[in-house]
Amino acid sequence: MSPQVPLAGVIGWPIGHSASPVVHGHWLQRYGLRGAYVPLEVAAADLAGVIEMLPRAGFVGANVTIPHKEAALALATEATARAHRIGAANTLHFRDGAVSADCTDGIGFVENLRDRCPAWDPAAGPVGLYGAGGAARAVLDALVQAGAPEIRITNRTRARAEALADAAPDRARVVDWAEAGKAAQDALLVVNTTSLGMVGQPAFDLRLPRLPQGALATDIVYTPLETPFLHAAALAGARTVDGLGMLLHQAVPGFEAWFGVRPEVDPELRSVVLQR
Ligand code: ATR
């Protein structure tokens with residue numbers, strides 16, 4: 001083992017809001033591992049230089065967040081198929097001079113639902129997907145990989161929904177934002193990936209139709225934990241899963257690659273993150 005303490009961090013701008021240092025710090029302590037994980041506030045103009053320098057300073061990898069996810073993929077020397085499909089990287093691994101990129105947001109999304117609802121079968125029915133930004137791209141990719149048969153995308157800016165649907169032409173179709181409720185008609189899963197309902201953002205005030213028995217609803221927004229979307233979905237008959245777990249699950253592959261232990265997402269981690 002190298003005598004150097006393995007270092008990792010999260011690169012973003014700004015970075016003060018990130019929960020990742022708490023997540024990884026908790027796991028390092030819990031598993032008794034040598035290592036440290038720090039926030040790295042990096043401006044766009046400095047990103048390439050920082051990614052080049054970090055391995056030489058003892059970093060084994062890094063997470064990447066807004067606004068650098070697309071640029072980080074372009075700077076990597078290799079990338080997973082899913083990072084290429086999503087067009088973004090949130091996890092970098094530095095080894096043997098290479099910068100390997102992955103995007104674990106989508107798998108974090110699916111793992112969270114599997115964890116909270118073991119009976120959930122992604123292939124069982126249609127999905128209503130609200131939003132068509134970067135997060136929606138990762139969610140769509142993971143749902144397609146998990147076997148979702150039909151994904152209805154609705155977004156304020158229709159052109160973005162159409163561009164996203166092009167990523168899965170045989171499974172995705174666009175529903176106009178003026179009729180956004182229709183995306184949820186008979187859906188077994190409804191997902192909000194817009195920023196609506198986040199603290200400081202406008203409320204999610206769309207109407208949802210009555211949802212089928214067993215339907216699930218989830219939101220990528222987790223401040224507040226019970227978003228207006230989840231509230232509306234519960235009234236429409238869905239079981240709800242909050243978005244905090246997606247953040248926790250997307251962190252698992254990076255931690256395992258950097259520090260050698262596959263960490264667990266459990267109630268203790270949730271409460272540590274909620275109390276920060
Ligand atoms: P992220 O990477 O988190 O998905 P993003 O790419 O900025 O962030 O996407 C934000 C999403 O929230 C988009 O779907 C956006 O809709 P537009 O494509 O029309 O911008 C959606 N969104 C943000 N504010 C909104 C609002 N006031 N009403 C409806 N949708 C909104």
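Look above for the structure.
Rules behind the numbers
- Residues numbered from 1 in each chain as written.
- Predicted model: local features only at pLDDT ≥ 70, side-chain atom pairs only at ≥ 80, totals over all residues.
- Heavy atoms only, no water.
- Helix = DSSP H or I, 4+ residues; strand = E, 2+ residues; numbered from the N terminus.
- Buried < 20%, exposed > 50% of the residue type's maximum accessible area, 1.4 Å probe, protein only.
- Contact = heavy atoms within 4.5 Å.
- Areas by Shrake-Rupley, 256 points an atom, 1.4 Å probe, with all protein chains shown as cover.
- Lys, Arg positive; Asp, Glu negative; His and termini not counted.
- Charge placed at Lys NZ, Arg CZ, Asp CG, Glu CD.
- Near = heavy atom within 4 Å.
- Polar contact = N/O pair within 3.5 Å; in protein donor to acceptor, adjacent residues only side chain to side chain.
- Nonpolar A, V, L, I, M, F, W, Y, C, P; charged D, E, K, R; others polar.
- Salt bridge = Lys/Arg side-chain N within 4 Å of Asp/Glu carboxyl O.

Asker: Describe in detail the overall build of the chain, supporting the description with residues and values.
Answerer: The helix and strand inventory of the chain stands at 11 helices and 12 strands. Counting only C-alpha atoms and orienting by the principal axes, one finds that the chain spans roughly 60 × 35 × 35 Å. Relative to its full complement of 276 residues, the chain shows a buried share of 51%. Contacts in the chain between residues far apart in sequence, at least 24 positions, make up 67% of those at least 6 positions apart. Working note: accessible area of the chain is about 12500 Å², and carbon and sulfur atoms make up 53% of it. Across the chain, the centroid of the 23 positively charged side chains sits 3 Å from that of the 27 negatively charged ones.

Asker: Tell me about the site of the ligand, and please be specific about residues and values.
Answerer: Near the ligand lie 14 residues; those nearest to it are Ala132, Asn155, Arg156, Thr157 and Arg160. In this structure, Gly134 approaches the ligand through a main-chain N or O atom, which is 3.2 Å from an oxygen atom. At 2.9 Å from an oxygen atom of the ligand is found a side-chain nitrogen or oxygen belonging to Arg160. Its free accessible area being 640 Å², the ligand has 72% of it covered by the protein chains. For the shell around the ligand, the per-class residue count stands at 5 nonpolar, 7 polar and 2 charged.

Asker: Explain the pattern of salt bridges residue by residue, including any values.
Answerer: Inspection of the entire model under this criterion finds 14 salt bridges. Residue Asp141 is joined to Arg85 by a salt bridge in which the shortest nitrogen-to-oxygen separation is 2.6 Å. Remark: Arg85 occurs in helix 4 (residues 81–86) and Asp141 occurs in helix 6 (residues 134–145); sequence separation between them is 56 residues. The partner of Arg158 in a salt bridge is Glu162, with the nearest N and O atoms 2.7 Å apart. Residue Arg158 and its partner Glu162 are both found in helix 7 (residues 158–165); the two are separated by 4 residues, about one turn of the helix.

Asker: So what about the environment of Pro228? Which residues, and what values?
Answerer: With respect to the secondary-structure elements, Pro228 resides in helix 8 (residues 228–235). Given the relative accessible area of 28%, Pro228 is considered partly exposed. In sequence terms Pro228 and Gly106 are 122 residues apart; their C-alpha atoms lie 22 Å from each other. Ignoring anything within four residues of it in the chain, the contact list for Pro228 reads Gly197 and Phe204.

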